[in-house]
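A look at the structure
For reference, the chains in residue letters:
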Amino acid sequence: MSEEFSLTGISSVALHAAGNGHAEYAHIPPIYATSTFTFETAQQGMERFAGKEKENIYSRWGNPTFKVAEQTIAALEAFRLKDGDGAPLRLKALLHASGQAAMTTMFMSNLQAGDTLLSHFSLYGGTYELMHKVLDAAGIKTLIVDMRDLGLLEEAIRNNKIKLIHIETPANPTIQCVDIEAVTALAKSHGIIVTVDNTFATPYLQQPFRYGVDFVYHSTTKFLNGHGSAIGGVLLGRDIELMKTRVWKWHVLIGGSANPFDAFLLTQGMKTLEVRMDRHCSNAEKVAGFLSTHPAVAHVNYTGLADHPDHATAKKQMSHWGPMMSFELKGGLEAGKKFIDRLQMCVRAVSLGTVDTLLSHPASMTHYSVPRDERIRFGITDGLIRMSVGIEYIDDILNDLDAALGSN
Ligand SMILES: *Cc1c(COP(=O)(O)O)cnc(C)c1O
């Protein structure tokens, strides 16, 4: 493709952004299963280390299979966006072994002992623990406020010296949404770094860089891979120089680099992002409608329902409500366990974002070890079920749910 040929649809970007030509004229990117790369001469080795020859050196520092995934995700997150000068936005992506590894690079390369970061209370469990265990032990403090209340956020910024604000939206498992534009505008007026976990939405439904955020990361394990076949993560930044220097340095020193097989699976999965997401989203809308009128269900958390407290925020910043929801069964803990046990087709598993429907019961699974009062404070009640709606034929999903809800 020549430079002048511009792609106008996100599916074309997912398929072609990283180019169509590979070594030996391979159509599909090869899996470069190699730890290191060779030098023809000492002089060439020197030039590569000096950065004059931009070729591979060692796979912890980068690998051609990773590069295909990195270029694709960077193009998806930047799709149709402009930088401050009106030119197409450029981003740099670094592929990691997991979402947690990408998050670690992001926080550790931007924060140091004595700094404070601010976040919202509805967060992925691993993020919450990373903040309160790993960052805390490194002398980095975390402050949690309800970021949906801009007054509270402003007060926290006024009373504390905040270095970084971390947004996860939509968030786990209550599907709460934080207004990226409003929070970023406030943060930027105080010179605060803004980072966003875009895992639940994917760049197809939401592009945080539109609002001037500094960093975005994904657990690629979820919708980007889409098939549940590999753990992975990616960190993206708009300051290319910073990404190539300090962020890259921390990434290679912490060592959470990806591997070529998982990177390959990710490149294959991302090709169908748009068609998968369209089906995930339309199925989710029907599932939410079905559950919200079912007599065994007390409440449905789905941003597409007008009674969700963050309905307006989701509508403003997402192109669709997304495939994720949670719902509360009237019968509490026992009803939750019984419902999960009765499922025939839908899969009992934690995680999300796979082509098949996954359901989990946080009170007996992910949050089993969290004290009851604490989890209830975070909205994880006894009968809460989390659902990642898959792309199966809709009637099969509804029939399975209906039979499992049965005489609860
Ligand atoms: C899964 C997940 C993570 C962590 O990613 P891993 O790939 O499991 O390390 C972070 N944030 C969110 C929102 C997630 O769903």
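Conventions we followed
- Residues numbered from 1 in each chain as written.
- Predicted model: local features only at pLDDT ≥ 70, side-chain atom pairs only at ≥ 80, totals over all residues.
- Heavy atoms only, no water.
- Helix = DSSP H or I, 4+ residues; strand = E, 2+ residues; numbered from the N terminus.
- Buried < 20%, exposed > 50% of the residue type's maximum accessible area, 1.4 Å probe, protein only.
- Axes fitted to C-alpha atoms, helices over the stretch in contact; angles between N-to-C directions.
- Parallel < 35°, antiparallel > 145°, perpendicular 65-115°, else oblique.
- Left-handed = near helix turned anticlockwise from the far one by under 90°.
- Contact = heavy atoms within 4.5 Å.
- Near = heavy atom within 4 Å.
- Polar contact = N/O pair within 3.5 Å; in protein donor to acceptor, adjacent residues only side chain to side chain.
- Areas by Shrake-Rupley, 256 points an atom, 1.4 Å probe, with all protein chains shown as cover.
- Nonpolar A, V, L, I, M, F, W, Y, C, P; charged D, E, K, R; others polar.
- Pairing = 2+ DSSP bridges.
- Phe/Tyr/Trp six-rings, centres within 6.5 Å; stacked < 30°, edge-to-face > 60°.

Quick look at unusual backbone geometry now. Working note: non-glycine residues mostly have negative phi, and peptide bonds are mostly trans. With an omega dihedral of -10°, the bond running from Thr169 to Pro170 counts as a cis peptide bond. Put simply, Asn172 and Pro173 share a cis peptide bond, and its omega is -20°. Of note, Glu24 is a non-glycine position whose phi angle comes to about 60°, a positive value. Within the fold, Glu24 resides in the loop between helix 1 (10-16) and helix 2 (42-49). Within the chain, Thr202 stands out as a residue other than glycine whose phi angle is a positive 65°. The class of Thr202 is buried, set by a relative accessible area of 1%.

Here we come to the packing of helix 11 (residues 273-292) against helix 15 (residues 394-405). Where helix 11 contacts helix 15, the two axes come as close as 10 Å, and the packing angle between them is 30°. As far as their axial angle goes, helix 15 and helix 11 are roughly parallel. As for how helix 11 packs across helix 15, the hand of that crossing is right-handed. Residue-level inspection shows Asn283, Lys286, Val287, Phe290 and Leu291 of helix 11 in contact with helix 15, the latter providing Ile394, Ile397, Leu398, Leu401, Asp402 and Leu405.

What follows concerns the site of the ligand. Around the ligand there are 13 residues in total, and Gln100, Asp197, Ser219, Thr221 and Lys222 lie nearest to it. A distance of 3.0 Å separates an oxygen atom of the ligand from a polar atom in the backbone of Gly99. With respect to the ligand, the side chain of Asp197 contributes an N or O atom lying 2.7 Å from a nitrogen atom. Considered on its own, the ligand offers 380 Å² of accessible surface; in the complex 94% of this is hidden by protein. Among the residues forming the shell around the ligand, the class breakdown is three nonpolar, seven polar and three charged.

Tracing the backbone shows Glu53 in the loop between helix 2 and helix 3 (64-78). Reaching out from Glu53, the side chain makes a polar contact with the side chain of Gln44 at a distance of 3.3 Å. In this structure the side chain of Glu53 is engaged in a polar contact, spanning 2.8 Å, whose partner is the side chain of Arg48. Leaving out residues up to four positions away in the same chain, Glu53 has contacts with Gln44, Glu47 and Arg48.

In terms of burial, strand 12 (residues 384-388) is largely enclosed, as five of its five residues are buried. The alternating pattern of strand 12 places Leu384, Arg386 and Ser388 and Ile385 and Met387 on opposite faces, both of which are buried. Where strand 9 (residues 324-329) lies against strand 12, five bridges are found, and the strand directions are antiparallel. Across the sheet, the residue bridging to Met325 is Met387, located in strand 12. Bridge count between strand 11 (residues 358-360) and strand 12: three bridges; the pairing is antiparallel. Across the sheet, residue Leu358 finds its bridge partner in strand 12, namely Ser388.

On to the packing of aromatic side chains. Inspection of every chain in the model, using the stated rule, returns four aromatic pairs. Ring geometry for Phe49 and Trp61: centres 5.7 Å apart, planes at 80°, overall edge-to-face. Separated by twelve residues along the polypeptide, Phe49 in helix 2 and Trp61 in the loop between helix 2 and helix 3 bring together distant segments of the chain. Looking at Phe49, the relative accessible area reads 52%, which means it is exposed. Between Phe327 and Phe339, the ring centres sit 5.8 Å apart and the planes meet at 80°, which makes this aromatic pair edge-to-face.

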